[in-house]
Amino acid sequence: MFIERSAGKIRFARTVFVLAGLLPCAAVAAWALHLRSPGHREAVREAWQAGLGVPVRVAAIEHVRPGVVRARDLELLVPESPRALTVPVLEVETGATEVRIRVERLECGVEGARLLAAVAGEWLGRAARFPRNCVIDIADFSWAGAVRDAESAAGAAPARLRVECVSQGGSRAIRAVLEGPTGGADEVRVVRLEGDGNGAGGERIEVTGAAAASLPVPILMAFARGTPVEGLDLGPEAVATGSLRAHCDRGRWSGAVDGRIERVDLAACVAPLQTRASGEATVVVRQLEWADGRLVGCELDCRAGRGRIEQRFLDGLVSTLGCRAGSAFRVLTGGRDRGFDAAGCLVRIDGRGVELLSAAALGGALAVADGLALVEPPVGIVPAERLAWFLAPPGAVYAPSAGPGAWLMGIMPRAAQAERPGGRGGF
């Protein structure tokens, strides 16, 4: 017996079989081509750019697995700067309530630090724009321009950075932990609270940090925008260690700092005074406390090795700050520089004024040359206004209304009585 077969039915069955097998394959292939197309890459770039609020460039996009996107040669463009923060390889895993970002390697400079600080500020202040928590893991992190010691250069383990951005209720916080190659960890926490922490209105920002490894001071200044130290220039090679505790209520900062700053460039420090200098210094911050944007107490131990300074700077120390001329002090004309073998002082500032004391190794002087004292500290406490006058730029007549002097007048401790200096000396 033969089974009756129809040519039409056979063709129909074959067509259905081919379509059922080829159409899904064609759809998957088309979707794969779409994911690798320039249009899709541009759509992802625009979404990331809108989320971060900064221009973004990306060379390639890969979909590793569902919910995970890998970007290659990602660039975050720094506003008003020709430079960009470049990330060679980045993976983004998006969940319902959290975004996880993994980066293989990142080198961050001053411009990149400003960009990251701006993005962090946006995340803390705009919950509607950033509704998800975020965790960032960077396997190999370094600061651009930072000098690594011989052990690190010899192939020690890279530093690992982990950043956690977490929100709970109306509060949002960022915690960054940098684990060094030797096992130590530097940590910074920034918390934004609704209210002042006691149930009152307004908002409060709390910052705590500790750095055991040397951090470039220009990087720290990039993160200090909006604080009293914004714009402070200690030179491109200056590095700092120490701890910070601060909080901001209704735009006014209070807190305390202690630590050590090395490789301070004297030329950068006196540049706002239109004065020449050369040499390096080390500053030990024994105490630095401020409240509502003004200093409460300060004690700095400053030491410098061999260097040079303009004679008129020494003139100002004597005529404006009340220092005493040493046996090697002599007035020179023409703005000539004076060399010194060592310099240093202990600076104490509080509500009484400014106290300058000689470093222990200088035999009672503030600076020595050829074994003789150039300048000796003043007798007693100097009113804070005199220090502001000393740091005022040339040409100030009635008050230090510009430069470091004006900045100091705004942050110095309030005194019941302030004495106006009798002369302007070289300034």
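Since we're looking at a predicted model, the values are computed, not measured.

**Q** Residue-level account of the overall build of the chain, with values.
**A** Each helix and strand counted, the chain has 9 helices and 22 strands in total. Of the roughly 23400 Å² that the chain leaves accessible, carbon and sulfur atoms contribute 57%.

**Q** Mind laying out helix α7 (residues 311–319), listing which residues take part and the relevant values?
**A** Counted residue by residue, α7 has 7 buried out of 9 residues, so it is predominantly covered. For α7, the full list of buried residues reads Gln-311, Arg-312, Phe-313, Leu-314, Asp-315, Gly-316 and Leu-317. Buried residues along α7 sit against α6 (266–270), β16 (307–310), β18 (337–340), β22 (372–376) and α8 (384–390).

**Q** Break down the confidence of the model for the chain for me, with residues and values.
**A** When pLDDT is averaged along the chain, the result is 80; 78% of the residues meet or exceed 70. The element-level mean pLDDT for the chain is lowest in helix α4 (residues 150–153), coming to 43, with strand β14 (residues 280–291) highest at 93. The low-confidence segment residues 148–154 (pLDDT under 50) makes 6 contacts with residues lying over four places distant or belonging to another chain. A low-confidence stretch, residues 416–427 stays under pLDDT 50, and its non-local contacts, those more than four residues away or across chains, total 38 contacts.

**Q** So, the packing of aromatic side chains: which residues are in play, and what are the values?
**A** Between two aromatic rings, the relevant description is the distance of the centres plus the angle of the planes. All chains considered together, the criterion is met by 3 aromatic pairs. Geometrically, the ring pair formed by Phe-141 and Trp-143 is edge-to-face, given 4.8 Å between the ring centres and 85 degrees between the ring planes. Overall, Phe-141 belongs to the buried group, its relative accessible area being 4%. Ring centres of Phe-313 and Phe-390 lie 5.1 Å apart, and the angle between their planes is 65 degrees; on these two criteria the pair is classed as edge-to-face. Residue Phe-313 is located in helix α7, and its partner Phe-390 is located in helix α8; the two are separated by 77 residues in the primary sequence. Phe-390 carries the same exposure label as Phe-313, and that label is buried. Across the ring face of Trp-123, the terminal group of Arg-172 is positioned such that the distance to the ring centre comes to 3.8 Å.

**Q** Which residues make up the pairing of strand β2 (residues 60–65), and what values do they have?
**A** Sheet topology places β2 next to strand β3 (residues 68–77); 5 bridges connect them, and they run antiparallel. Looking across to β3, one finds that Ala-60 is bridged to Arg-72. Counting the residues between successive antiparallel strands, the hairpin from β2 to β3 contains 2 residues, one of them, Gly-67, with a positive phi of roughly 90 degrees.

**Q** Run through the sheet that holds strand β13 (residues 277–278), naming residues and quoting values.
**A** Taken in spatial order, the 3 strands make up an open sheet running β13-β16-β18, and their pairing is antiparallel. In the strand order of this sheet, the two ends are held by β13 and β18, each with one partner. Across the sheet, α7 lies against β16 and β18, angled at about 70 degrees from β16, the strand it touches most.

**Q** Let's hear about the side chain of Asp-137: which residues, and what values?
**A** If you trace the backbone, Asp-137 turns up in strand β6 (residues 133–143). Engagement of the side chain of Asp-137 in a polar contact is seen with the side chain of Arg-160, the distance being 3.0 Å. Apart from residues no more than four positions distant in its own chain, Asp-137 is found in contact with Ile-101, Arg-102, Val-103, Arg-160, Leu-161 and Arg-162.

**Q** Tell me about the environment of Arg-162, and name the residues and values.
**A** Position of Arg-162 among the secondary structure elements: in strand β7 (residues 160–168). Note on Arg-162: relative accessible area 24%, which makes it partly exposed. For the pair Arg-162 and Val-177, spaced 15 residues apart in the sequence, the C-alpha separation amounts to 5.4 Å. Side-chain polar atoms of Arg-162 contact the side chain of Asp-137, separated by 3.0 Å.

**Q** Which residues make up the pattern of salt bridges, and what are the values?
**A** Evaluation of the coordinates by the stated rule reveals 31 salt bridges. With its nearest N and O atoms 2.9 Å apart, the salt bridge here joins Arg-129 to Glu-122. One salt bridge in this structure joins Asp-301 and Arg-303, with 2.9 Å as the shortest N-O distance. Judged by relative accessible area, Asp-301 falls into the buried class, the value being 9%.

**Q** Please set out the side chain of Gln-311 residue by residue, giving values where relevant.
**A** The topology assignment puts Gln-311 in helix α7. Look at Gln-311 and you get buried, because its relative accessible area is 1%. At a separation of 3.0 Å, a polar atom in the side chain of Gln-311 contacts the side chain of Arg-338.

**Q** Provide a residue-level description of helix α3 (residues 110–125), including the pertinent values.
**A** Its 16 residues give α3 an end-to-end C-alpha distance of 23 Å, which sits within 8% of 22 Å, the value for a rise of 1.5 Å per residue. All buried positions along α3 are accounted for by Glu-111, Gly-112, Ala-113, Leu-115, Trp-123 and Leu-124.

**Q** I'd like a rundown of the pairing of strand β20 (residues 353–358), residues and numbers included.
**A** Walk down a regular strand and you will see the side chains alternate between the two sheet faces. Sheet topology note: the strand β19 (residues 342–350)/β20 ladder contains 6 bridges and is antiparallel. Counterpart to Ile-349 in the pairing with β20 is Val-354. Hairpin connection between β19 and β20: a loop of 2 residues separates the two successive antiparallel strands.

About the criteria used
Residues numbered from 1 in each chain as written. Predicted model: local features only at pLDDT ≥ 70, side-chain atom pairs only at ≥ 80, totals over all residues. Heavy atoms only, no water. Helix = DSSP H or I, 4+ residues; strand = E, 2+ residues; numbered from the N terminus. Areas by Shrake-Rupley, 256 points an atom, 1.4 Å probe, with all protein chains shown as cover. Buried < 20%, exposed > 50% of the residue type's maximum accessible area, 1.4 Å probe, protein only. Contact = heavy atoms within 4.5 Å. pLDDT = per-residue confidence, 0-100. Phe/Tyr/Trp six-rings, centres within 6.5 Å; stacked < 30°, edge-to-face > 60°. Lys NZ or Arg CZ within 6 Å of the ring centre and 35° of its normal. Pairing = 2+ DSSP bridges. Axes fitted to C-alpha atoms, helices over the stretch in contact; angles between N-to-C directions. Polar contact = N/O pair within 3.5 Å; in protein donor to acceptor, adjacent residues only side chain to side chain. Salt bridge = Lys/Arg side-chain N within 4 Å of Asp/Glu carboxyl O. Expected span 1.5 Å × (residues − 1).

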